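# Coordinate inspection notes
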Amino acid sequence: MPIRRAELRINLLRVGGDATAVGAFQALAKRPASERWLLLIDLGPARYGILGIADLARFVEQIQANPETPLHALTDACLPIDADDDDLAAIRLHYDALLQQGKQLNRHVIVLRGDQPIGAVEIKRATGVGVLSTTTDTILNMQAAPGSNPQQLEQRTDRYVNTNFTALDLPRTRLDPGMPLAPRASYYFRFWIGVPSAESIEQQPTQIQAELLTSDIELVVILFSEDFVLEAHQGTIFVPVHGATHIKTAASLPDGMTAATSDGYLFFRVQTPAQTGIATLRCSIYCNGMQIQSRLVSAVVAAGVPVQALDDQGLLRRSVLDFNLSSSLAPQVLGSVQPHVLSLMLNSNSDGTHSFRVAANDGQELFSSSATLSPTALANLVDLARQRLHEAAWGNAGEYTPQSTYRYDTNTPLQTRLQYMRSDLIDMAKRGAILYNSAIKDIANGKQKSLRQIMQKPGMVQLASKMNASDIVPIALFYDALIDSLGSPTICPQFEQSLAKALEQGTSLIDEPCFTGNCPSSGDLSIVCPSGFWGFRQDIGMPYPVRPGGPELATRIGFVEKPQIGMAYFSDFPLLKGHLEHLGTLNAVLSEASPRKDVLALLQKSTPQLVYFYCHGAEINTIPLIRVGAESGAEYIATDNFANFAIDWPEQRPLVFINGCHTTALTPDKAISFVKTFMEDTSASGVIGTEITIFEPLAQTFAEAFFQHFLAGVPLGRAIRMARLALLAQGNPLGLVYLPFAYAGLRMTQT
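Residues numbered from 1 in each chain as written. Predicted model: local features only at pLDDT ≥ 70, side-chain atom pairs only at ≥ 80, totals over all residues. Heavy atoms only, no water.

## Considerations on the overall build of the protein
When helices and strands are counted, the protein shows 17 helices and 36 strands. In the protein, buried positions account for 57% of the 751 residues. At a minimum sequence separation of 6, the contacts of the protein that also span at least 24 residues come to 75%. For the protein, the exposed surface amounts to about 30000 Å²; the carbon and sulfur share of it is 49%. (Helix = DSSP H or I, 4+ residues; strand = E, 2+ residues; numbered from the N terminus. Buried < 20%, exposed > 50% of the residue type's maximum accessible area, 1.4 Å probe, protein only. Contact = heavy atoms within 4.5 Å. Areas by Shrake-Rupley, 256 points an atom, 1.4 Å probe, with all protein chains shown as cover.)

## Points about the sheet that holds strand β9 (residues 160-167)
With respect to topology, 5 strands assemble into an open sheet ordered β10-β9-β11-β16-β13, the strand pairing being antiparallel. Two strands bound the open sheet, and with one partner strand each, they are β10 (170-174) and β13 (229-230). Relative to strand β16 (residues 266-271), strand β11 (residues 186-194) runs antiparallel, the two sharing 6 bridges. From the neighbouring strand, Arg190 faces β16, where its bridge partner is Phe267. (Pairing = 2+ DSSP bridges.)

## Overview of the nonpolar core
Formed by 181 residues in total, the largest nonpolar core has its most connected members in Phe165, Phe191, Phe495, Phe613 and Phe706. Take this core: its biggest share by element is 11 residues, from helix α8 (residues 414-444). If near-sequence neighbours (up to four positions away) are discounted, Phe191 is found in contact with Val161, Asn162, Thr163, Val221, Ile237, Gly264, Tyr265, Leu266, Phe268, Cys283 and Ile285. Residues Val15, Ala21, Leu28 and Leu51 belong to the second largest nonpolar core, which totals 18 residues. (Core = buried A, V, L, I, M, F, W, Y, C linked by side-chain atoms within 4.5 Å.)

## Brief notes about the sheet that holds strand β17 (residues 277-287)
Within the open sheet, the 6 strands sit side by side as β15-β14-β12-β17-β18-β19. Their pairing is antiparallel. Edge positions in the open sheet fall to β15 (246-249) and β19 (317-324), since each of these has one partner strand only. In this sheet, neighbouring strand axes are inclined to one another by 30° on average, regardless of whether the strands run parallel or antiparallel. In this structure, strand β18 (residues 290-301) lies alongside β19, joined through 7 bridges in antiparallel fashion. In the sheet register, Val297 faces β19, and the bridge partner there is Ser319. (Axes fitted to C-alpha atoms, helices over the stretch in contact; angles between N-to-C directions.)

## A word on the packing of helix α16 (residues 696-711) against helix α17 (residues 716-728)
Packing of α16 against α17 leaves a shortest axis separation of 8 Å and a crossing angle of 140°. What the angle tells us is that α16 and α17 run oblique. The chirality of how α16 crosses α17 is right-handed. For the pair formed by α16 and α17, the contact residues are Leu698, Thr701, Phe702, Ala705, Phe706, His709 and Phe710 on the first element and Leu716, Ala719, Ile720, Met722, Ala723, Arg724, Ala726 and Leu727 on the second. Classifying every residue of the contact of α16 with α17 by side-chain character gives 12 nonpolar, 2 polar and 1 charged. (Parallel < 35°, antiparallel > 145°, perpendicular 65-115°, else oblique. Left-handed = near helix turned anticlockwise from the far one by under 90°. Nonpolar A, V, L, I, M, F, W, Y, C, P; charged D, E, K, R; others polar.)

## Some thoughts on the environment of Asp255
Within the element layout of this structure, Asp255 appears in the loop between β15 and β16. Residue Asp255 is classed as exposed on the basis of its relative accessible area, which comes to 80%. A sequence separation of 87 residues divides Asp255 from Leu168, and the C-alpha atoms of the two residues are 8.9 Å apart.

## Things to note about the packing of aromatic side chains
If you walk through the whole model with that rule in mind, you get 33 aromatic pairs. With a centroid separation of 4.9 Å and an interplanar angle of 15°, the aromatic rings of Tyr406 and Phe695 are classed as stacked. Within this pair, whereas Tyr406 is found in the loop between α7 (377-394) and α8, its partner Phe695 is found in the loop between β34 (686-690) and α16, the two being separated by 289 residues in sequence. The pair Tyr406 / Phe695 is uniform in exposure class, with both members buried. Seen from their ring centres, Phe657 and Phe702 are 6.3 Å apart, and the 85° between their planes marks the pair as edge-to-face. Of this pair, Phe657 sits in strand β33 (residues 655-660) while Phe702 sits in helix α16; the two residues are 45 residues apart in sequence, bridging distant segments of the chain. As far as the burial class goes, Phe657 and Phe702 line up, both buried. Taken together, Phe570, Phe573, Tyr612, Tyr614, Phe657, Phe702, Phe706, Phe707, Phe710 and Tyr738 form an aromatic cluster joined through their ring pairs. Over the face of the ring belonging to Tyr265 we find Arg190, whose NZ or CZ atom lies 4.4 Å from the ring centre. (Phe/Tyr/Trp six-rings, centres within 6.5 Å; stacked < 30°, edge-to-face > 60°. Lys NZ or Arg CZ within 6 Å of the ring centre and 35° of its normal.)

## Observations regarding the pairing of β9
Burial analysis of β9 places 8 of its 8 residues in the buried class, which makes it a mostly covered element. Of the two faces of β9, both are covered, the one formed by Tyr160, Asn162, Asn164 and Thr166 as well as the one formed by Val161, Thr163, Phe165 and Ala167. The loop that links β9 with its antiparallel partner β10 comprises 2 residues.

## Considering the side chain of Thr555
Structurally, the position occupied by Thr555 is in the loop between β26 (539-541) and β27 (556-559). Not counting residues within four places of it along the chain, the set of residues in contact with Thr555 comprises Val333, Ser336, Tyr743, Gly745, Leu746 and Arg747.

## Concerning α17
Given a rise of 1.5 Å per residue, 13 residues ought to cover 18 Å, and the 18 Å separating the end C-alpha atoms of α17 matches this to within 8%. For α17, the full list of buried residues reads Leu716, Gly717, Ala719, Ile720, Arg721, Met722, Ala723, Arg724, Leu725, Leu727 and Leu728. (Expected span 1.5 Å × (residues − 1).)

## Some points on helix α13 (residues 596-605)
Turning to α13, its buried residues number three or more, namely Val599, Leu600, Leu602 and Leu603. Down the axis, α13 shows its buried residues gathered within 160° of arc, on one side only. Exposed side of α13, more than 90 degrees from the buried face: Lys597 and Lys605 are the residues found there. At its buried positions, α13 is contacted by β28 (564-569), β29 (589-593), β30 (610-620), β31 (623-628), β32 (635-637) and α14 (639-644). (Arc of directions from axis to C-beta.)

## Here's the deal with unusual backbone geometry
If you check the backbone angles, Arg184 has positive phi at about 45° while not being a glycine. Mapped onto the elements, Arg184 comes out in the loop between β10 and β11. Assessed through its relative accessible area of 60%, Arg184 is described here as exposed. Although it is not a glycine, Asp263 adopts a positive phi angle of roughly 60°. A residue is classified by how much of its surface remains accessible, and Asp263, at 59% relative accessible area, is exposed.

## Comments concerning the pattern of salt bridges
Applying the stated criterion to the full structure yields 22 salt bridges. The shortest N-O distance in the salt bridge between Asp539 and Arg721 comes to 2.7 Å. Linking Asp539 in strand β26 with Arg721 in helix α17, this pair joins segments that are 182 residues apart in sequence. We classify Asp539 as buried; its relative accessible area is 3%. What emerges from the salt-bridge pattern is a single network uniting Arg388, Glu391, Arg407, Asp424 and Asp427. (Salt bridge = Lys/Arg side-chain N within 4 Å of Asp/Glu carboxyl O.)

## Description of the packing of helix α12 (residues 576-583) against α16
To characterise two packed helices, one gives the angle between the axes of the helices and the distance between these axes. Packing of α12 against α16 brings their axes to within 11 Å, and their N-to-C directions diverge by 0°. Relative to α16, the element α12 is oriented roughly parallel. Along its contact with α12, which presents Leu576, His579, His582 and Leu583, the element α16 presents Glu696, Gln700, Ala703, Glu704 and Phe707. The residue makeup of the contact of α12 with α16, split by class, is 4 nonpolar, 3 polar and 2 charged.

## What about the state of the cysteines?
Applying the stated criterion across every chain, the model contains 0 disulfides. Among the cysteines around Cys519, which has no disulfide bond, Cys492 carries the closest sulfur, lying 3.7 Å off. Assessed through its relative accessible area of 15%, Cys519 is described here as buried. Not engaged in a disulfide, the cysteine Cys529 finds its nearest cysteine sulfur in Cys514; these two sulfurs lie 3.6 Å apart. (Disulfide = S-S within 2.5 Å.)

## Section: the environment of Gly506
Its place among the elements puts Gly506 in the loop between α10 (493-505) and β25 (527-528). Since its relative accessible area comes to 65%, Gly506 is described here as exposed. Sequence separation between Gly506 and Ala726 is 220 residues, and the spatial gap between their C-alpha atoms is 9.4 Å.

Written out as structure tokens, the structure reads:
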């Protein structure tokens, strides 16, 4: 079993064995979240011990008796493990065998590379942490002996992104920072990964942590711009586990230079616009077809000086990282990213417009382009698409009201539901095709056919955005099959056959011809096939960007014996009892609570892999809330409760599922505050929400199908698609309303 990043402790302070326990304790206590830090104690050549605050607290009486007690007197050497040894399971077995022989062992193993420590793996959980409150002050009040201050492990500093502009004849030298770019002139935009450079125009260099690197990676760098003319728009950088990065595929090459002699610089020849002012380009980084970083580069274009600077610091050029899934560009994180067939980025611009950037990978080359929609165009398209979902769910385009009734209720006869489904699929396809074509037509730049071919087979798709409310589009509703939107199309005969088999035999639709990219009606404008919707054919993820200093992109959620589900619910749902009974049959440990105080206590004390809100939503004074408890009381959970009640799961990083029934308060534009809270304040790996108000039968059926697959190790994007198709196999198309704010490849893994 390979060492996983979540198991590797890298918050280590290195100290000699003769340092006093008092000084070491004080050094740990000064660290933010000090309980997560460990002392790495040098005990001799390639021998190390580990102590944390909880460990030191157990020796309080001994330390009080002798404040100069050295650390080597309190710890034994840890077992070592080489960083390149993948058999961590064997180490655990060896550890347990030694314990059974009566050996007194430290509860950590030290991970070494070249005899040097790079982290530690905990084997047994510490106990007695509660003694901290009674011992911390005692030790802190003691006088530390001189020379006891530990030093943090050396951090790797060669994984910073650097950018700037250079002249064509001096490609290795940055331009004079006090001179603007000239109009209609050619320059090189220079990109490189290495130590932070004073020549870089990056505004927020990201600190790179020393982490376990397990695989080499390739990063594709793509430029998009409506202002600059780009001679070449993409190149590839190779990032090895050891050593410096180098260029694999150049974009533009200065005279006399090759990729091998470029010193790791990736050059893009660009031409400035004729008009003066501020010109921008977007620089995006992709790993396996998935966008992991994007930065907006701005430059002042003028005929001479003086000119109006970009800001009060007098800058004439700058690069701002505004979308980030990996702070460190670490191979051990990006090496696990699964290949994506398409990455679509959407972001709001300062002038109110919306820009789409697309990169589609057909396995051989990357197709990329961009387009911009007017301030109202995208909002109108999204509103029309959601209105069609409203019509499918409760029969009219307006917002949900308490009087709204569910058209796909299980009490409705099957044949009636199938009639609804056929009609709704046709209407949704017409609306989804307009949404797709409006967003993709200009992006594809005449290559719609090529893009459709790339997207024909199922694969992973990413929607990347900065998570503004206006940047959330119903991507599952994109319909890319050809259709006569003014005609009277019928439903695909092959799908009808597959549906009949599913209804009769209880089989899944996922392996049927239409959903494997082999629909025989493909290209027939008079036929609507559900496989034309991206949500039924692609594994979609909408990963939330990483905040500065926050955790990396979550690709795994680990558990030991069984996953834990922490569930908060509204207790007066009519169908709750059956839902709880079904969840109790899952291969997981279910903990549940309904009253607000019990919900908060559960979330504080538990370490779940899944957090499930089966609830109402509410909005009071424009503040979105989750309603728990019962109808007889008004009990709510607000976004600030999580930070104020110290609810955080940095080790488990659970997936949060908000299944809010019978409410208009948790629509995407309002629920984004909860997504932000869970991702930034509680360290969640992702959040699942909905496009529109949902009804209890839909919520239960979808959640039960999703949990079944996700708990079995199916990646999130695929598990959501399987749940959508499970509903479709029952004659219900509304699985398309679910939104996954997470990496599509996120999966549960037993450790």
